[in-house]
Amino acid sequence: MPTISIDGCRCHYTEAGSGPALLLIHGLGASQADWFTQVPTLSAQFRCIAPDLVGHGGSDPNGEYGIFAQARRLLRLLDVLGVDQCNVLGHSMGGAVAQSMALLAPERVRALVICNSTAGFRPVTPKKMLEAVARIGLVGVLGVKPLASLIAFRLFPHDDQQDLRKTMRDHFAQGSRPVYLRSLMALGRWSIWGRLPRIQARTLVVAAEHDYFPLHETQRMVAGIPGARLKVFDGSRHGTPMDRADAFNALVIDFLTADA
């Protein structure tokens, strides 16, 4: 799998397909491998580029972890790959990086799909603070593997989702404790609520009925981005791209090709 040196740090990515470029950005503790339900379908129409964020997957852990720094890093990756403009799909933390890219380089983001994410990860409510403290405590004391099982079950709790649960647990368990904690702290400092009106890209926001982020928060984000559309998947949790793969992929294709 290819790697590129950016600012002296190895950035690992995978690429498949041809056509308009589509950058797929994974979430916290994950990697490009989590797009296994998207790339085989989306690569039939798009040049899919799926990088590993700093310290995740095959990318070096010694880069900058700030969300805007990650966005700049991915813009430099696109430079190296000769991509002037692309569509961007981000899940969870990847949605934060995607929004940051749209703010930093609006001329380069043709369309934006934000899935199961928000415009601010700062723990400003008691529930969010409790979640952050619990994750920091669990990973800090026990490491990533116990959290992997917990998250996999929260994403895919049903009996018929055992395969997805195992896949997610295996992917997540490969992560690093320091990388997870540094990424979580960086994410907790990121908020762009006041900058949402500056996003110029056509935007689709995808939400799940039982996601971590309450629907009213997602609706606030949609209201803040000019012309943004919202699609809510009933019954889904945080792993919507996987547990609603066919419908999710069709939605993304329809949105990205609507003005082609």
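Every value quoted in this text rests on a predicted model; they were computed, and no experiment measured them. (Residues numbered from 1 in each chain as written. Predicted model: local features only at pLDDT ≥ 70, side-chain atom pairs only at ≥ 80, totals over all residues. Heavy atoms only, no water.)

Undergrad: Just checking my understanding: could you explain the overall build of the chain for this structure?
TA: When its secondary structure is counted, the chain shows ten helices and eight strands. In terms of overall dimensions, the chain is globule-like: its C-alpha atoms have a radius of gyration of 17 Å, near the 18 Å expected for 260 residues. Taken over the C-alpha atoms alone, the chain extends approximately 45 × 40 × 40 Å along its principal axes. The burial tally for the chain puts 55% of its 260 residues in the buried class. In the chain, the share of contacts with a sequence separation of at least 24, taken over all contacts with a separation of at least 6, comes to 75%. With an accessible surface of roughly 11,100 Å², the chain has 53% of that area assigned to carbon and sulfur atoms. One finds the centroid of the 27 positive side-chain charges in the chain at a distance of 7 Å from the centroid of its 22 negative side-chain charges. (Helix = DSSP H or I, 4+ residues; strand = E, 2+ residues; numbered from the N terminus. Rg over C-alpha atoms; globule rule 2.2 N^0.38 Å. Buried < 20%, exposed > 50% of the residue type's maximum accessible area, 1.4 Å probe, protein only. Contact = heavy atoms within 4.5 Å. Areas by Shrake-Rupley, 256 points an atom, 1.4 Å probe, with all protein chains shown as cover. Lys, Arg positive; Asp, Glu negative; His and termini not counted. Charge placed at Lys NZ, Arg CZ, Asp CG, Glu CD.)

Undergrad: Looking at this structure, I do not really get the sheet that holds strand β2 (residues 9–16). What am I missing?
TA: Remark on secondary structure: sheet strands pair via backbone hydrogen bonds, oriented parallel or antiparallel. The mixed open sheet is built from eight strands, whose spatial order is β1-β2-β4-β3-β5-β6-β7-β8. Looking at strand neighbours, the two that pair on one side only are β1 (3–6) and β8 (229–233), the edges of this open sheet. Shown here is a sheet whose adjacent strand axes are inclined to one another by a mean of 25°, direction ignored. Alignment of strand β3 (residues 21–25) against strand β4 (residues 47–51), held across three bridges, turns out to be parallel. (Pairing = 2+ DSSP bridges. Axes fitted to C-alpha atoms, helices over the stretch in contact; angles between N-to-C directions.)

Undergrad: Quick question: what am I supposed to make of unusual backbone geometry here?
TA: If a residue is not glycine, its phi is most likely negative; likewise, a peptide bond is most likely trans. Positioned with a positive phi, Asp7 is a non-glycine residue whose angle comes to about 55°. Along the polypeptide, Asp7 turns up in the loop between β1 and β2. Note on Asp7: relative accessible area 59%, which makes it exposed. Even without glycine at this site, Ser92 takes up a positive phi of about 55°. Tracing the backbone through its elements, the reader meets Ser92 in the loop between β5 (86–91) and α3 (93–104).

Undergrad: Can you help me understand the environment of Leu78 in this one?
TA: With respect to the helices and strands, Leu78 occurs in helix α2 (residues 67–80). When its relative accessible area of 2% is taken as the criterion, Leu78 is described as buried. Along the sequence, Leu78 and Ile49 sit 29 residues apart, while their C-alpha atoms lie 9.0 Å from each other. Other than its neighbours up to four places away in sequence, Leu78 contacts Leu23, Ile49, Val83, Cys86, Met101 and Arg108.

Undergrad: I keep staring at the packing of α2 against α3 and nothing clicks. Help me out?
TA: The axes of two packed helices give the description: the angle between them and the distance between them. For the pair α2 and α3, the least separation of the axes is 8 Å and the interaxial angle reads 70°. On the basis of their axis angle, the class for α2 and α3 is roughly perpendicular. Once α2 is placed against α3, the crossing between them reads as right-handed. Counting all contacts with α2, which are made through Ile67, Phe68, Gln70, Ala71, Arg72, Leu74, Leu75 and Leu78, the residues of α3 involved are Met93, Ala96, Val97, Ser100, Met101, Leu103 and Leu104. Looking at the contact of α2 with α3, its residues break down into twelve nonpolar, two polar and one charged. (Parallel < 35°, antiparallel > 145°, perpendicular 65-115°, else oblique. Left-handed = near helix turned anticlockwise from the far one by under 90°. Nonpolar A, V, L, I, M, F, W, Y, C, P; charged D, E, K, R; others polar.)

Undergrad: In this structure, what is going on with the pattern of salt bridges? I would like to understand it.
TA: Side chains that differ in charge, positive against negative, can pair when their charged atoms come close. Within the structure shown, the criterion is met by eight salt bridges. For Glu131, the salt bridge identified is with Arg154, shortest N-O distance 3.1 Å. Highlighted residues: Glu131 in helix α4 (residues 126–142) and Arg154 in helix α5 (residues 144–155), separated in sequence by 23 residues. Salt-bridge contacts for Asp170 lead to Lys166; the nearest nitrogen and oxygen are separated by 2.8 Å. Separated by four residues within a single helix, Asp170 and Lys166 lie in helix α6 (residues 162–173), roughly one turn from each other. Take Asp170: its relative accessible area is 32%, and that puts it in the partly exposed class. Assessed through its relative accessible area of 45%, Lys166 is described here as partly exposed. (Salt bridge = Lys/Arg side-chain N within 4 Å of Asp/Glu carboxyl O.)

Undergrad: What's the story with the packing of α5 against α6 in this structure? I'm lost.
TA: Running from N to C, α5 and α6 point in directions that differ by 150°, and their axes come no closer than 8 Å. By the angle between their directions, the pair α5 and α6 is classed as roughly antiparallel. In terms of crossing hand, the pair formed by α5 and α6 is right-handed. Contact with α5, carried on its side by Val144, Lys145, Leu147, Ala148, Ser149, Ile151, Ala152, Phe153 and Leu155, involves Arg165, Met168, Arg169, Phe172 and Ala173 of α6 and no other residues of that element. For the contact of α5 with α6, the per-class residue count stands at ten nonpolar, one polar and three charged.

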